[in-house]
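Examination of the molecular architecture
Residues per chain are reported as follows:
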Amino acid sequence: METQRLRIAIQKSGRMAEGSNELLQAAGLRLPSRSKTTLFQRARNLPIDLLLVRDDDIPNFVATGVADIGIVGENVYEEWQLDDPVAPITLVRRLGFSFCRLSLATPKDGPLRSAKDLEGKSLATSYPLILRRFFKEQGIQADIVEMSGSVEVAPKLGIADGIFDIVSSGATLEANGLGPIADVLKSEALLVQTQKPLNAEKASILERLMVRIESVQASRQIKYIMLNAPGSKLATITDILPGADAPTVLPLQGKGDMVAIHAVVQDADLWDTLEKLKEQGASSILVTPIEKMMA
Ligand code: PRP
Ligand code: ZN
């Protein structure tokens, strides 16, 4: 009998693993504890199972329908979509974590300083199709040496003149005497889905999960702010608060004109906002995260 539990493929360990796990837990999945050898986790409270795999294998699991959805880096997704004969997968949603770039990098003390300098040179990468597309767009003729890992050692070993790989903190490049010379692709975690039809049960679980993920993402972008301020400054202060059109205003007992203002605000650059609020006479300012939000 076909399974009625939604299967999600996520990275077992690595750059994407923690963020994927956190998102699913924030969406309410209660998971049994895992060890190094755990490959499969059955959620205790929802009809969802997790497959814990290598990130590079996730598109294949999703394309073939072994997993219904997956969380995968845009780098891996893009390379998969460019690989013509294989089954495509559907991008459902950008997830806003595991940000990184796919960049060209060369030895820091060498003469290759821009993409154009790579004409006639060789580059080692695990992303040959993305790199080939870039070279074609730029009209650059260069050799691509495909490697499945440890790409950053290639220049030192004389295998290639430079590399094309993921840069996140930049520590890996730094440790190998390399520096980025051009960014080719920005990447973040993506939710992807199989193009095989889901049965009614799975489709309905997926719908519930998506509402929860949207709610988690929305609540991550906002904060709850509380402050005291002179009532006469209410309009000015409401204007300063980003995205707060209808704040709650409460009188403060025995404090004359002072009122308490509570509002949900956008999280972008709250430090600037706090300074402006102080200038307008606000005091006792508290900013707290919002755990869940549903409109
Ligand atoms: C990438 C890449 C580098 C490292 C860069 O690996 O291959 O080794 O991360 O990160 P840094 O700039 O913070 O040092 P990834 O996480 O994709 O693992 P994988 O290639 O083994 O799947
Ligand atoms: Zn990988």
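Residues numbered from 1 in each chain as written. Chains lettered and ligands numbered in written order. Predicted model: local features only at pLDDT ≥ 70, side-chain atom pairs only at ≥ 80, totals over all residues. Heavy atoms only, no water.

1. Regarding the overall build of the chain
A tally of helices and strands in the chain yields nine helices and 15 strands. For 295 residues, the compact-globule estimate of 2.2 N^0.38 gives 19 Å, and the chain exceeds it by more than 25% at 25 Å. Overall size of the chain, expressed as C-alpha extent along the three principal axes, is 75 × 60 × 35 Å. Across the 295 residues in the chain, those meeting the buried criterion constitute 44%. Within the chain, contacts between residues at least 6 apart in sequence are counted, and of these 69% link residues at least 24 apart. Total accessible area on the chain is roughly 15,600 Å²; 52% of this is exposed by carbon and sulfur atoms. (Helix = DSSP H or I, 4+ residues; strand = E, 2+ residues; numbered from the N terminus. Rg over C-alpha atoms; globule rule 2.2 N^0.38 Å. Buried < 20%, exposed > 50% of the residue type's maximum accessible area, 1.4 Å probe, protein only. Contact = heavy atoms within 4.5 Å. Areas by Shrake-Rupley, 256 points an atom, 1.4 Å probe, with all protein chains shown as cover.)

2. What about the side chain of R5?
Examined against the element boundaries, R5 turns out to sit in the segment before β1 (6-11). Classification of R5 as buried rests on a relative accessible area of 15%. Here the side chain of R5 touches A43 through a polar contact of 3.3 Å, landing on its backbone oxygen. A polar contact of 3.5 Å, which involves the side chain of R5, links it to the backbone oxygen of L46. Those residues in contact with R5 that lie beyond four places of it in its chain are R42, A43, L46, P47, I48, D49, D68, K202 and I205. (Polar contact = N/O pair within 3.5 Å; in protein donor to acceptor, adjacent residues only side chain to side chain.)

3. Notes on the environment of Q193
Within the element layout of this structure, Q193 appears in strand β11 (residues 189-193). Residues Q193 and P47, 146 residues apart in the sequence, show an inter-C-alpha distance of 17 Å. In this view, Q193 contacts V62, D68, I69, I89, T90, V92, L198 and L206; residues no more than four positions away in its chain are not counted.

4. Side note on the coordination of the zinc ion (ligand 2)
Donor atoms from the polypeptide that coordinate the zinc ion (ligand 2) comprise D55 (OD) and D56 (OD), at 2.2 to 2.3 Å from the metal. Of the residues examined, D56 reaches a relative accessible area of 37% and is grouped as partly exposed. (Donors = N, O, S within 2.8 Å, 3.2 Å for Na, K, Ca; no water.)

5. Brief notes about the pattern of salt bridges
Enumeration over the complete set of coordinates arrives at 11 salt bridges. A salt bridge links D183 to R101; its shortest N-O distance comes to 3.2 Å. With D183 in strand β10 (residues 178-187) and R101 in strand β6 (residues 100-107), this residue pair connects regions lying 82 residues apart in the sequence. Classification of D183 by relative accessible area gives partly exposed; the value is 47%. Residues joined in a network through salt bridges with shared partners are E74, R94 and E188. (Salt bridge = Lys/Arg side-chain N within 4 Å of Asp/Glu carboxyl O.)

6. A few points about the site of ligand 1
Close to ligand 1 lie R15, D55, D56, E152, D165, I166, V167, S168, S169, G170, A171 and T172, which account for all nearby residues. Separating an oxygen atom of ligand 1 from a side-chain N or O atom of R15 is a distance of 2.7 Å. Mapped by element, the contributors of at least two residues to the shell around ligand 1 are β9 (162-167) and α6 (171-175). Taken together, the residues that form the shell around ligand 1 break down as three nonpolar, four polar and five charged. Viewed by domain, the shell around ligand 1 spans two of them, domain 1 (6-97 + 189-219) and domain 2 (100-187), each represented by three or more residues. (Near = heavy atom within 4 Å. Nonpolar A, V, L, I, M, F, W, Y, C, P; charged D, E, K, R; others polar. Domains from an automatic or database assignment.)

7. Observations concerning the packing of aromatic side chains
This model, assessed by the stated rule, comprises one aromatic pair. Judged by centre distance (6.0 Å) and plane angle (50°), the ring pair of F134 and F135 falls under tilted. When its relative accessible area of 10% is taken as the criterion, F134 is described as buried. (Phe/Tyr/Trp six-rings, centres within 6.5 Å; stacked < 30°, edge-to-face > 60°.)

8. Focus on the domain arrangement of the chain
Taken domain by domain, the chain consists of domain 1 (6-97 + 189-219), domain 2 (100-187) and domain 3 (222-289). Relative to domain 3, the C-alpha centre of domain 1 lies at a distance of 39 Å.

9. Side note on the side chain of T125
Its location among the elements puts T125 in strand β7 (residues 122-125). At a separation of 2.8 Å, a polar atom in the side chain of T125 contacts the main-chain amide nitrogen of Y127. Excluding residues within four positions of it along the chain, T125 makes contact with L131, I144, V145, E146, M147, V151 and F164.

10. Describing a negative patch on the surface
A contiguous patch of negative charge on the surface is contributed by D269, D272, E275 and E279. Mapped onto the secondary structure, D272 falls in helix α9 (residues 270-279). (Patch = residues over 30% accessible without salt bridge, like charges linked within 9 Å, V, L, I, M, F, W, Y side chains within 5 Å. Lys, Arg positive; Asp, Glu negative; His and termini not counted. Charge placed at Lys NZ, Arg CZ, Asp CG, Glu CD.)

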